[in-house]
Amino acid sequence: MMPSDQQAFQKLEHTLARVHQGRQTTVLEQEWTDGVMRQVRRTMQQATPTSADRCVERLIWQSAAVAAVVALIMTLSFMIWSPGVPREGSRLVAEEFESMMFFVE
């Protein structure tokens, strides 16, 4: 959760507490008020991602990037060095790949 979201939850909690402190409430209304405050706190805790969640998400994206690079390398190497593929097409692919490398740097 973003710091601004957490600040918004804290403002909401503080505002609700101040509004309900100034009112005279019955037992039923007090239970309802306490329930609302518990729900706000529970929602805030559920929406806050842990550092483990962030690490797992980063690991998934890094693994996907590595898998994409490996697939690209294997595809290009198959196209270039495979005996069944015509050599002219392989040279064109190699030239395209080399021209792409200028954009990467």
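No experiment lies behind these values; they were computed from the predicted model shown. (Residues numbered from 1 in each chain as written. Predicted model: local features only at pLDDT ≥ 70, side-chain atom pairs only at ≥ 80, totals over all residues. Heavy atoms only, no water.)

### Some points on the overall build of the protein chain
- Counting secondary structure elements, the protein chain contains 4 helices and 0 strands.
- Scanning the protein chain from its N terminus toward the C terminus, one meets helices and strands in the order α-α-α-α.
- Across the 105 residues that make up the protein chain, the buried fraction comes to 10%.
- In the protein chain, the share of contacts with a sequence separation of at least 24, taken over all contacts with a separation of at least 6, comes to 47%. (Helix = DSSP H or I, 4+ residues; strand = E, 2+ residues; numbered from the N terminus. Buried < 20%, exposed > 50% of the residue type's maximum accessible area, 1.4 Å probe, protein only. Contact = heavy atoms within 4.5 Å.)

### A word on a nonpolar patch on the surface
- Taken together, the side chains of Val66, Val70 and Met74 define a hydrophobic patch exposed on the protein surface, amounting to about 280 Å² of accessible area.
- Here Val66 shows up in helix 3 (residues 51-81).
- By relative accessible area, which is 52% here, Val66 ends up exposed. (Patch = residues over 30% accessible without salt bridge, like charges linked within 9 Å, V, L, I, M, F, W, Y side chains within 5 Å. Areas by Shrake-Rupley, 256 points an atom, 1.4 Å probe, with all protein chains shown as cover. Salt bridge = Lys/Arg side-chain N within 4 Å of Asp/Glu carboxyl O.)

### Regarding the environment of Leu76
- Mapping Leu76 onto the fold places it in helix 3.
- Leu76 gets classed as buried once you look at its relative accessible area, which sits at 14%.
- It is 7.9 Å that separates the C-alpha atoms of Leu76 and Ala94, two residues lying 18 residues apart in sequence.
- Residue contacts for Leu76: discarding those within four places in its chain leaves Val93 and Phe97.

### A short note on the confidence of the model for the protein chain
- This prediction gives the protein chain a mean pLDDT of 76; 71% of its residues lie at or above 70.
- When the elements of the protein chain are averaged for pLDDT, helix 4 (residues 87-104) gives the smallest value, 68, and helix 3 the largest, 88. (pLDDT = per-residue confidence, 0-100.)

### What about the environment of Met44?
- Tracing the backbone shows Met44 in helix 2 (residues 27-47).
- When its relative accessible area of 17% is taken as the criterion, Met44 is described as buried.
- Sequence-wise, Met44 and Gln10 are 34 residues apart; in three dimensions their C-alpha atoms are separated by 8.9 Å.

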